[in-house]
Structure formats: C-alpha cells, structure tokens
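Structure at a glance
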Amino acid sequence: MNPKHIIESQQFTVPLLMELFERTRQMKKIVARGGTRDYERKIMAALFYQPSTRTRFSFEAAMMRLGGRVLATEKAGAFSSAIPGERLEDTVRVTADNCDVIVLRHNEEGATARAAGVSSVPVINAGEGPGGQHPTQALLDLYTIYDECKTLDGLSVAMVGALGKSRTGRSLTYLLGKFARVRLYFVAPPRMQISPDILAYLDRHNVSYELADGPDDILPRVDVVYQKPIDRTRIHDGEINLAAYNIGADSLARMKRSAIVMHALPRGPEIDPLVDRDPRAAYFRQSRNGLFVRMALLTMLFESE
Amino acid sequence: MNPKHIIESQQFTVPLLMELFERTRQMKKIVARGGTRDYERKIMAALFYQPSTRTRFSFEAAMMRLGGRVLATEKAGAFSSAIPGERLEDTVRVTADNCDVIVLRHNEEGATARAAGVSSVPVINAGEGPGGQHPTQALLDLYTIYDECKTLDGLSVAMVGALGKSRTGRSLTYLLGKFARVRLYFVAPPRMQISPDILAYLDRHNVSYELADGPDDILPRVDVVYQKPIDRTRIHDGEINLAAYNIGADSLARMKRSAIVMHALPRGPEIDPLVDRDPRAAYFRQSRNGLFVRMALLTMLFESE
Amino acid sequence: MNPKHIIESQQFTVPLLMELFERTRQMKKIVARGGTRDYERKIMAALFYQPSTRTRFSFEAAMMRLGGRVLATEKAGAFSSAIPGERLEDTVRVTADNCDVIVLRHNEEGATARAAGVSSVPVINAGEGPGGQHPTQALLDLYTIYDECKTLDGLSVAMVGALGKSRTGRSLTYLLGKFARVRLYFVAPPRMQISPDILAYLDRHNVSYELADGPDDILPRVDVVYQKPIDRTRIHDGEINLAAYNIGADSLARMKRSAIVMHALPRGPEIDPLVDRDPRAAYFRQSRNGLFVRMALLTMLFESE
C-alpha cells in the first residue's frame with residue numbers, strides 16, 4: 001500500500017522502506033539515462049514557510065527529472081496580500097487547486113498533518129519544527145547507510161554534534177530503531193544532547209543506545225559517523241571544546257576501514273575538507289542520493305492516487 | 001476580437017465575457033484530462049513588484065497546464081543591480097525580450113497601461129493599486145457567480161467588509177454593472193465604504209445599489225454574499241463591532257437556500273470555518289475557477305497575436 | 001575546442017568568439033521558429049548570491065527556448081537552514097547533483113573559478129565582484145557591436161559614465177582588446193575612471209586608448225557610445241556636472257550617422273528616452289541579443305561534455 005502523504009518517519013514500515021529503496025535504485029538508472037517524461041503533466045508546489053534552497057532544489061530537480069513542473073515559494077507566509085495571520089489550511093487548499101503534490105516546509109510541528117487533513121493532493125513534509133521531523137532527509141540518510149553498508153541490521157551509528165533540536169537526527173533515529181540489533185551513540189555537549197522523548201521511544205522499542213560527551217571512545221566502534229553542525233553563535237567562549245567534535249585526519253585514523261562519514265551539507269568546521277579525499281567520506285554520495293529518494297517518493301505518491 | 005492586453009475590467013464587453021466563460025468551461029475539461037501541450041513553446045513572465053504567491057501560483061499553474069513555461073520574480077523592483085529608480089518601461093521592454101506574455105503586479109495605478117504601451121508581447125494586469133484594479137480576480141469572481149447561479153441578470157450581490165481600497169471589489173463592480181437588473185449592496189463600516197468614484201460609475205450606468213453599515217437586513221435578500229477581509233490592525237479598540245461583519249452559522253440560517261458565499265481566500269475571521277461544510281460555501285470552487293479563467297485568458301491573448 | 005566553464009572574458013580567443021557569434025545567429029533563427037526541444041532533459045541551476053532579475057531572466061529564458069528546465073535562487077547565501085558561513089564549494093557540489101549546468105552570481109571575485117574547481121557540471125560566471133567580471137554581458141555587448149557595425153576591427157568605442165567598478169566595462173575591454181586597431185575612450189568623472197589594472201592590460205597588449213573627463217570631444221569620433229549609469233547617491237551636491245555625461249538629442253546631433261548607442265538597461269537619466277526613436281539607439285536590440293548569446297553559450301557547454 002503506497003502512502004497518501006509523507007508526514008513522519010514512523011509511517012514507514014520495513015517492507016515499505018525496502019520497496020522505496022528498490023524504487024530509488026531504479027530512479028538512479030533513470031537519471032543516468034537522462035530522466036523520464038512519464039510525469040510531464042504533473043505539477044509540484046514547493047510551499048516553504050522557511051527558506052531552504054538545498055531541500056527545495058533537491059525536490060524540484062526530482063520533479064523535473066520525472067518530467068514534471070514546479071511552482072515554488074520560500075515565503076509562503078506572504079501567500080496573499082490580504083491581512084496577515086491566514087490559516088495554513090486555506091493556503092493549502094488554494095495551493096492544492098493548482099498542483100498535483102505539495103511539498104511543505106513549515107516552522108510549526110504538526111503542520112504537515114494539518115495540511116494533509118484538508119488537501120485534495122498528497123502532501124510531503126519537507127521539514128517542520130523545531131521539534132518536528134524532516135522525514136525525506138532521514139529517508140535519504142537511511143538509504144545512504146543501506147547503500148554504503150549493504151545492510152541496516154546490526155549497525156552501530158554515532159550522531160555527533162548538536163542533537164537536541166535536530167529534525168533530521170530525530171527522524172533518522174525513528175527509522176534506525178526499526179532494524180534489528182542497531183546500536184546508537186549520541187555524542188554531544190551535555191546541553192545539546194538528544195531530547196528525552198527520543199530516548200523514551202528507543203527504550204519502548206528496545207533499541208540499545210549510549211550517550212557520550214565526546215567521540216574519542218566511540219569512533220573506533222561504529223560503522224557510521226553522522227556529523228551535525230554546532231551553532232557557534234550560541235556558545236560562550238571556552239564553554240565547550242568544540243574542536244573535540246570535529247572530524248579530521250586524526251579521527252579517520254581511529255575509525256574502522258569500512259566505516260563511513262555522513263553530513264547533510266553544507267558543512268561548517270565539523271568536517272575538515274581534507275576528509276573529502278578519503279573513500280569513507282560518504283557525504284557527497286549522500287547528497288546525490290537525495291535526488292533519487294525524492295524521485296522515488298514522488299512516484300509512490302502519484303501511483304497511490 | 002480578442003484583446004491584446006488585459007488592463008481593466010471595463011474593456012470586457014458582455015459578448016467577450018460570454019466567450020471567455022465558454023472558453024473557461026473548455027479549460028476545465030482540458031485540466032480534467034491532465035492539461036495540454038499546445039503552448040509548450042510559450043514563456044510567461046510573472047513580473048511582480050509586490051509579492052502575492054496566491055495570484056502568482058494561479059497564473060503559473062494556468063501556464064503550466066497549457067504546457068508552457070514560466071519566468072518569475074516577486075521583487076521586480078530589484079530588477080537590475082544598477083542604480084535604483086529604473087523606469088518600468090525599460091524593465092518591461094527587457095522582460096518582453098525573454099517571454100511571450102507578461103503578468104504584471106504593481107503598486108501603482110496605471111502601471112499595466114504604461115507597460116502595454118511599450119511591450120512587444122501581451123501584458124496582463126495581475127493587480128495594481130491601491131486604487132487600481134485586479135481584473136483577473138474579478139473575472140474569476142464573475143465566472144463563479146455565473147457558474148453557480150446560472151445567470152448574471154437580475155442578481156442581488158452583497159459585498160461585505162472593508163470595501164474602500166478593495167481592488168477586486170472595484171473590478172467586480174465594473175463587471176456586474178454590465179448586466180441587466182443587477183442590484184448591489186455595499187455593507188461596510190462607514191469609513192471603509194466603497195469609494196465615491198465607483199458609485200458615480202454605477203449612477204452613470206443606471207445600476208441600482210444600496211449602502212449599509214451592517215449585513216443584518218441584507219443577508220435574506222441577496223443571491224451572493226462576497227466577504228472581504230477587514231484589516232484589524234487599522235481599527236481602534238471598540239471602534240467597530242467587527243463580529244457583525246463575520247459570516248457564521250447564524251448568517252447562513254438567514255440567507256436564501258440558493259445563495260452562495262464567496263471569498264478570495266485565504267480568509268481571516270470574516271468566515272467561520274464551520275461555514276465550509278455548507279453547500280452554499282462557494283469559495284473553494286471559486287479559488288479553483290481562478291486556474292480555468294486564467295488559462296482561458298492566456299489562450300485568448302496567444303490567439304490574438 | 002569548446003570551453004568547459006565560462007569564467008572570464010580572457011578565455012575567449014578570436015576564433016572561439018567567431019564560432020560563438022555564428023552559433024548566436026543560429027539561435028536567433030531557432031527562437032524565430034519558436035525554440036527547440038533538443039535540450040529538454042537538461043536542468044540549469046541559477047545560483048545567485050545577489051539578486052539580478054535581468055540577468056537571471058535572460059539565462060532562464062535561454063534555457064527554456066532550448067527546451068530545458070530551471071532551478072533558481074536569488075538568495076543562495078541562505079542555501080541551507082544550518083549554521084551560516086557555509087563554503088561555496090559545498091553549495092556548488094550539492095547544486096551540481098541536481099543539474100547539468102550552474103549559472104553563478106557572486107559577490108566575491110574568483111568565485112566562479114573556485115566553483116568550477118569542484119563542480120561536476122559546467123559553471124558560468126553571471127557576474128562576480130566588485131572588481132570581478134561579467135563575461136556573458138561582455139559577450140552579448142561584443143556580439144551587438146559586431147552585428148551592428150559588421151566588424152570589430154578598427155572600431156572606436158567610448159565608454160561613458162562610472163567606469164571604476166564596472167564589471168561589464170572590465171569584461172568588454174578585455175574582449176575588445178583582442179581585435180586589430182581598436183581605439184577605446186574612457187569618459188568618466190575623474191574619481192570614477194576605469195581602474196589602472198585595465199589600462200596596464202591594454203598597454204601590455206598594445207591597445208590604444210584615451211581618457212577624458214567629458215564626452216564633448218569624443219562623441220563625433222566614435223562608432224560606439226556605451227553609456228554606464230552613475231550612482232547619484234555617492235556624489236556630493238555640485239561635485240560633478242552629471243548632465244554632461246548624459247546622452248540626449250544634442251549628443252545625437254554630434255555623433256556619426258553610422259554610430260550606435262549602447263546600454264545594459266534598465267537606464268537612469270544617462271539616456272534621454274527621446275533617444276529611443278533614433279535608429280542609432282541599439283540598446284533594445286542589445287538586450288534582445290542577450291537571449292541568443294546565452295543560448296549559444298549553453299549549447300557550447302552541453303556539447304563539450
């Protein structure tokens with residue numbers, strides 16, 4: 001059963017994930033052949049209440065490689081020139097009149113579910129929050145791990161950096177928790193640790209995890225190091241030894257030869273550009289996978305109509 | 001004779017309106033079949049000096065459902081990185097080099113006429129003012145009334161809310177005045193009433209109208225209630241009983257069973273979301289008609305070349 | 001040999017310029033026939049760190065007339081919602097995943113060369129600086145001179161206005177210097193004169209030039225008058241007699257009958273709109289040429305793959 005909307009990571013069962021990944025591999029082949037025109041009559045609306053060119057470009061390119069067309073705004077809050085404070089539900093209804101799928105980026109948790117409740121076309125969560133999810137990022141992250149490591153069972157995955165408000169960290173954790181014998185390591189300065197509701201979720205689902213305030217002991221033990229940026233503007237001088245959370249040549253020397261380094265890009269100082277040349281640097285391949293996973297999701301939604 | 005530009009409501013004769021509406025019905029069928037590729041070599045430029053995602057999406061989707069392509073800016077005032085204060089005429093000439101039709105949104109009355117005077121391609125007024133017109137909104141409003149009420153002759157239409165600076169109210173009034181035995185009701189707080197030049201226009205054309213400062217007496221008598229937002233930020237506390245201008249379950253009980261409620265969306269508190277479920281709530285159908293009317297207008301302009 | 005990237009004017013040899021101009025003439029014919037669909041599977045990303053609707057529209061329309069598709073942002077500095085200060089190189093890599101060619105507008109000199117160093121797809125410089133170049137503007141300017149004057153050898157060209165920080169003046173000067181017996185006149189208020197590094201370049205290449213602080217003596221002697229805007233906000237009252245740098249009916253009377261007036265548009269007061277009617281006013285034809293030259297450049301890059 002194809003989903004009608006893409007709202008949160010939890011809605012993906014393992015069989016649905018496997019079907020998505022098979023479809024993703026097909027999309028990779030289609031792009032290599034120059035794309036398709038199968039969906040040339042479809043219109044996608046990118047309705048962004050916050051700017052994110054990275055996510056928008058990835059969705060738009062996915063739609064275009066499928067042959068489709070795109071409406072886009074990064075200032076959906078100024079949807080009408082009328083009085084402010086308009087209801088998301090009305091904006092979504094009006095947008096749905098003009099397209100076949102809505103990609104929504106919103107600053108409020110739960111916005112996609114509200115939009116899906118009134119939309120005549122499928123809605124995709126392209127990031128909501130703070131505190132919400134960014135499931136398509138998590139799906140492309142999970143696909144990358146699967147594609148690089150050839151399995152999702154039994155993996156050890158470290159997330160390093162500011163985790164507390166990380167939408168993608170949250171979404172990816174939900175997904176990883178679905179696989180057998182996964183072990184998660186949350187490596188963060190204490191006041192930036194992953195939020196307790198995620199840990200409660202992992203406890204409920206018997207997923208094993210460990211918290212650490214530095215990567216030193218963790219790096220040699222993991223298959224995946226997922227680097228998250230730390231917002232330097234929120235830190236007092238000398239409060240945290242930020243360099244300890246960065247990945248450089250030293251870190252590589254201590255990692256498994258089969259491990260990979262991931263990052264949602266663009267990066268700050270948390271990954272030294274020297275790492276780029278190491279074959280374990282998976283973040284450019286990860287970025288490229290965004291296109292294929294989003295193409296696969298769009299075709300799933302179009303076929304569920 | 002197809003028009004060369006869409007500048008103001010007054011340019012539409014009744015026969016031209018009827019031709020437009022026939023064409024609009026054809027577009028509805030074309031969209032139901034997935035759109036056409038007849039205009040795939042055409043480019044529309046949305047040249048917006050004010051942001052309005054609602055109007056822009058509607059025009060862009062119209063062009064895309066016709067198979068065409070779109071250039072767009074909502075900051076046309078920053079057209080060039082050169083010195084500010086550039087002439088609209090030059091911007092329009094340069095834009096016309098790159099497209100087949102220009103959709104212009106501008107903050108000055110008369111901008112579309114100036115643009116049409118120098119453009120090598122058709123220009124459409126997508127809202128200008130304050131004090132100016134928004135003819136395509138008025139055309140989709142009129143089409144909606146025609147489609148819902150099956151006639152335009154002899155109708156009673158109430159406009160409720162802040163009417164003074166309403167571009168769409170102005171444009172729609174010009175259009176309704178062309179039909180036989182139409183009766184207009186302007187329901188507004190006194191200092192937000194429709195402007196005297198519109199009333200003078202109606203007097204000259206022998207259109208009957210009535211002014212009221214509340215909807216109570218008017219609702220049972222009309223075929224159409226067109227709700228306009230009131231900008232709450234411009235009102236002193238207690239100055240106006242705003243709730244009196246809102247439509248809710250009570251208002252519905254007092255309206256004709258054949259009447260309709262219209263609104264340009266997105267709405268503020270002037271329509272209670274509970275009204276949505278009543279079949280007389282025509283505003284979602286009205287919103288959808290924008291696509292078809294704009295497709296019809298675009299094809300008219302392309303065929304007049 | 002087709003270029004892999006379009007970085008600066010200097011990379012164009014005279015034979016490559018002639019091939020580009022032949023290709024430009026073909027594009028003019030293709031547009032007259034309604035464009036082509038040869039490149040319908042190609043995606044262009046307009047990655048603008050500064051807004052310039054004029055340049056963006058021209059590139060986007062060029063891509064669309066070739067049948068291709070477009071991703072666009074004019075706020076590339078907000079590429080990701082992550083921490084600010086991201087590296088251009090990462091943004092370019094991520095963008096390249098989603099397209100077949102990148103059109104880059106950047107506020108730093110050298111940005112295009114840096115982007116080209118990491119991009120998996122061709123990169124076009126769509127203006128960088130201050131102090132940098134805007135080669136596609138220079139190429140369309142040069143094509144216009146060639147098309148209007150039927151030669152580039154032996155021409156006398158005056159640039160009039162604020163020249164010091166002019167990206168296009170800089171780029172065009174490099175190109176004109178490649179042709180035999182060209183004579184350049186730089187007409188500017190003293191503190192807005194062309195920068196010394198350009199003059200050193202001309203000296204090295206034995207291009208003859210003259211500096212002047214007013215156009216009076218120059219106008220009767222030249223084949224091309226290229227008007228540049230002067231930023232009036234940077235001038236003290238009475239410091240400069242700005243009117244002396246404007247072109248009006250008087251100036252036309254003193255120019256050769258075969259001369260042309262050029263301008264990148266939109267203009268300020270430096271060209272009186274009365275000049276528009278004179279056949280020597282070449283700026284509207286020049287603007288139109290931007291489309292054809294950019295189409296030609298895009299096809300060159302696509303064929304060099």
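Residues numbered from 1 in each chain as written. Chains lettered and ligands numbered in written order. Predicted model: local features only at pLDDT ≥ 70, side-chain atom pairs only at ≥ 80, totals over all residues. Heavy atoms only, no water.

**Concerning the overall build of chain A**
Counting secondary structure elements, chain A contains 9 helices and 9 strands. Overall size of chain A, expressed as C-alpha extent along the three principal axes, is 55 × 45 × 40 Å. Buried residues in chain A amount to 64% of all 305 residues. Sequence-distant contacts in chain A: of pairs separated by 6 or more residues, those separated by 24 or more amount to 71%. When the accessible area of chain A is evaluated, it comes to approximately 11000 Å², of which 50% is carbon and sulfur surface. (Helix = DSSP H or I, 4+ residues; strand = E, 2+ residues; numbered from the N terminus. Buried < 20%, exposed > 50% of the residue type's maximum accessible area, 1.4 Å probe, protein only. Contact = heavy atoms within 4.5 Å. Areas by Shrake-Rupley, 256 points an atom, 1.4 Å probe, with all protein chains shown as cover.)

**Structural notes on the interface of chain C and chain B**
If you look at the interface, chain C gives 35 residues, while chain B gives 30 residues. Taking both partners together, chain C and chain B bury about 2700 Å²; carbon and sulfur atoms supply 53% of that area. The largest per-residue losses of area from chain C upon contact with chain B belong to C:Phe57, C:Arg65 and C:Pro266, which jointly make up 24% of the total buried on that side. The interface formed by chain C and chain B includes 4 salt bridges. We note a salt bridge from B:Asp100 to C:Arg65, for which the minimum N-O separation is 3.1 Å. At the boundary of chain C with chain B, the tally comes to 10 residue pairs in polar contact (both at pLDDT 80 or more). Breaking the side of chain C that touches chain B down by element, the ones donating at least two residues are α2 (53-65) and α9 (283-303) of chain C. By residue class, the composition of the side of chain C that touches chain B is 11 nonpolar, 10 polar and 14 charged. (Buried area = accessible area lost by both parts, 1.4 Å probe. Salt bridge = Lys/Arg side-chain N within 4 Å of Asp/Glu carboxyl O. Polar contact = N/O pair within 3.5 Å; in protein donor to acceptor, adjacent residues only side chain to side chain. Nonpolar A, V, L, I, M, F, W, Y, C, P; charged D, E, K, R; others polar.)

**Observations concerning the interface of chain C and chain A**
On the side of chain A, 35 residues touch chain C, which itself brings 30 residues to the contact. Between chain C and chain A lies a buried interface of about 2700 Å² when both sides are counted; carbon and sulfur atoms form 53% of it. The shortest N-O distance in the salt bridge between A:Asp276 and C:Arg93 comes to 3.8 Å. There are 10 residue pairs in polar contact (both at pLDDT 80 or more) connecting chain C and chain A. Counting only elements with at least two residues in the side of chain C that touches chain A, the list comes to β1 (43-48), β2 (69-73) and α3 (88-96) of chain C. Along the lines of polarity and charge, the residues of the side of chain C that touches chain A split into 13 nonpolar, 6 polar and 11 charged.

**Considerations on the relation of the copies chain C and chain B**
Once chain C has been moved 0.0 Å along the axis and rotated by 120°, it coincides with chain B to within an RMSD of 0.0 Å. The transformation relating the two chain copies, once decomposed into turn and shift, fits a three-fold axis. Measuring from the rotation axis to each C-alpha of chain C, the shortest distance belongs to C:Arg69, at 5.1 Å. The two copies present different faces, since only 3% of the interface residues in chain C are matched by interface residues at the equivalent positions in chain B. (Least-squares fit on C-alpha atoms with pLDDT ≥ 70 in both.)

**A look at the relation of the copies chain C and chain A**
Of the two same-sequence chains, chain C is brought onto chain A (RMSD 0.0 Å, axial shift 0.0 Å) by a rotation of 120°. Interface residue correspondence from chain C to chain A reaches only 3%, placing this contact among heterologous pairings that use different surfaces.

**A word on the domain arrangement of chain A**
All names here are of chain A. Along its sequence, chain A is carved into domain 1 (9-133 + 290-304) and domain 2 (135-286). Computed over C-alpha atoms, the centres of domain 1 and domain 2 are 26 Å apart. On the domain 2 side, the residues contacting the 28 residues of domain 1 number 23 residues. In total, about 2300 Å² of surface goes out of reach between domain 1 and domain 2, with carbon and sulfur atoms giving 63% of it. (Domains from an automatic or database assignment.)

**Comments concerning the sheet that holds strand β8 (residues 224-227) of chain A**
Hydrogen bonding along the main chain pairs the strands of a sheet, whether they run parallel or antiparallel. Residue and element names in this part refer to chain A. Spatially, 5 strands are ordered β7-β6-β5-β8-β9 in an open sheet, and the strand pairing comes out parallel. Only two strands of the sheet have a single neighbouring strand rather than two, namely β7 (208-212) and β9 (260-262). Neighbour-to-neighbour, the strand axes of the sheet open up by a mean angle of 20°, direction not taken into account. Pairing analysis gives 5 bridges linking strand β5 (residues 156-160) to strand β6 (residues 183-187), with the strands arranged parallel. Paired with Val160 across the strands is Val187, a residue of β6. Strand contacts of helix α5 (residues 135-149): β8 and β9, with the helix running at about 165° to β9, the strand carrying the most contacts. Packed onto the sheet, helix α7 (residues 196-204) meets β6 and β7 and runs at close to 150° relative to β7. (Pairing = 2+ DSSP bridges. Axes fitted to C-alpha atoms, helices over the stretch in contact; angles between N-to-C directions.)

**Brief notes about the side chain of A:Arg280**
Residue and element names in this part refer to chain A. Relative to the assigned elements, Arg280 resides in the loop between β9 and α9 (283-303). Under the relative-accessibility criterion, Arg280 is labelled buried at 13%. Among the polar contacts made by the side chain of Arg280, one reaches the main-chain carbonyl oxygen of Lys256 at a distance of 3.1 Å.

**With respect to the packing of aromatic side chains**
Applying the stated criterion to the full structure yields 18 aromatic pairs over all chains. Seen in terms of ring centroids, A:Tyr283 and A:Phe284 are 5.1 Å apart; in terms of plane orientation they differ by 70°. Their pairing is edge-to-face. For A:Tyr283, a relative accessible area of 0% puts it in the buried group. By the ring-pair criterion, three or more aromatic residues cluster together here, those being A:Phe21, A:Tyr143 and A:Tyr146. Stacked on the ring of B:Phe59, the Lys or Arg B:Arg294 has its end atom at 4.7 Å from the ring centre. (Phe/Tyr/Trp six-rings, centres within 6.5 Å; stacked < 30°, edge-to-face > 60°. Lys NZ or Arg CZ within 6 Å of the ring centre and 35° of its normal.)

**Let's talk about the environment of B:Tyr226**
Residue and element names in this part refer to chain B. Within the secondary structure, Tyr226 is located in strand β8 (residues 224-227). Each C-alpha atom of the pair Tyr226 and Phe186 lies 9.8 Å from the other, and the pair is 40 residues apart in sequence. The contacts of Tyr226, once residues within four sequence positions are left out, are Gln137, Asp141, Ala158, Met159, Val160, Leu172, Met262, His263, Ala264 and Gln286. A distance of 2.7 Å separates the side chain of Tyr226 from the side chain of Asp141, its partner in a polar contact.

**Thoughts on the pairing of strand β3 (residues 101-106) of chain A**
All names here are of chain A. Burial analysis of β3 places 6 of its 6 residues in the buried class, the great majority of the element. Here β3 shows a buried face lined by Val101, Val103 and Arg105 and a second buried face lined by Ile102, Leu104 and His106. Both strand β1 (residues 43-48) and β3 contribute to a ladder of 5 bridges, which runs parallel. The residue bridging Ala45 from the neighbouring strand is Ile102, located in β3. Pairing of β3 with strand β4 (residues 123-128), which is carried by 4 bridges, proceeds in the parallel orientation. Bridge assignment links Ile102 to a residue of β4, and that residue is Val123.

**Digging into the pattern of salt bridges**
As enumerated under the stated definition, the model contains 66 salt bridges over all chains in all. For C:Arg87, the salt bridge identified is with C:Asp90, shortest N-O distance 3.4 Å. Look at C:Asp90 and you get buried, because its relative accessible area is 0%. Connected through salt bridges with shared partners, the residues A:Arg37, A:Glu40, B:Arg37, B:Glu40, C:Arg37 and C:Glu40 form a single ionic network.

**Some thoughts on the sheet that holds strand β5 (residues 156-160) of chain C**
All names here are of chain C. Pairing is parallel in the open sheet, where 5 strands are placed in the order β7-β6-β5-β8-β9. Looking at which strands have only one partner, the edges of the open sheet turn out to be β7 (208-212) and β9 (260-262). Between one strand and the next, the sheet's axes are offset by a mean angle of 20°, whatever the strand orientation. Across the sheet, helix α6 (residues 167-176) is in contact with β5, β6 (183-187) and β8 (224-227); its angle to β5 comes to roughly 170°.

**Regarding the environment of A:Phe48**
All names here are of chain A. Within the fold, Phe48 resides in strand β1. By relative accessible area, which is 0% here, Phe48 ends up buried. Sequence separation between Phe48 and Ala72 is 24 residues, and the spatial gap between their C-alpha atoms is 7.7 Å. Look past the residues within four positions of Phe48 in its chain and what remains in contact with it is Thr55, Arg56, Thr73, Glu74, Lys75, Ala76, Val103, Arg105 and Ala126.

**Quick notes on the packing of helix α1 (residues 14-32) of chain C against α9(C)**
All names here are of chain C. α9 packs onto α1 with a crossing angle of 115° between their chain directions and a minimal axis gap of 8 Å. Considered as vectors, α1 and α9 are oriented roughly perpendicular to each other. α9 is crossed by α1, and the crossing has right-handed handedness. Only Arg288, Asn289, Leu291, Phe292, Val293, Met295, Ala296, Leu297, Thr299, Met300 and Glu303 of α9 make contact with α1, whose side of the interface consists of Leu16, Glu19, Leu20, Arg23, Thr24, Met27, Lys28, Ile30 and Val31. (Parallel < 35°, antiparallel > 145°, perpendicular 65-115°, else oblique. Left-handed = near helix turned anticlockwise from the far one by under 90°.)

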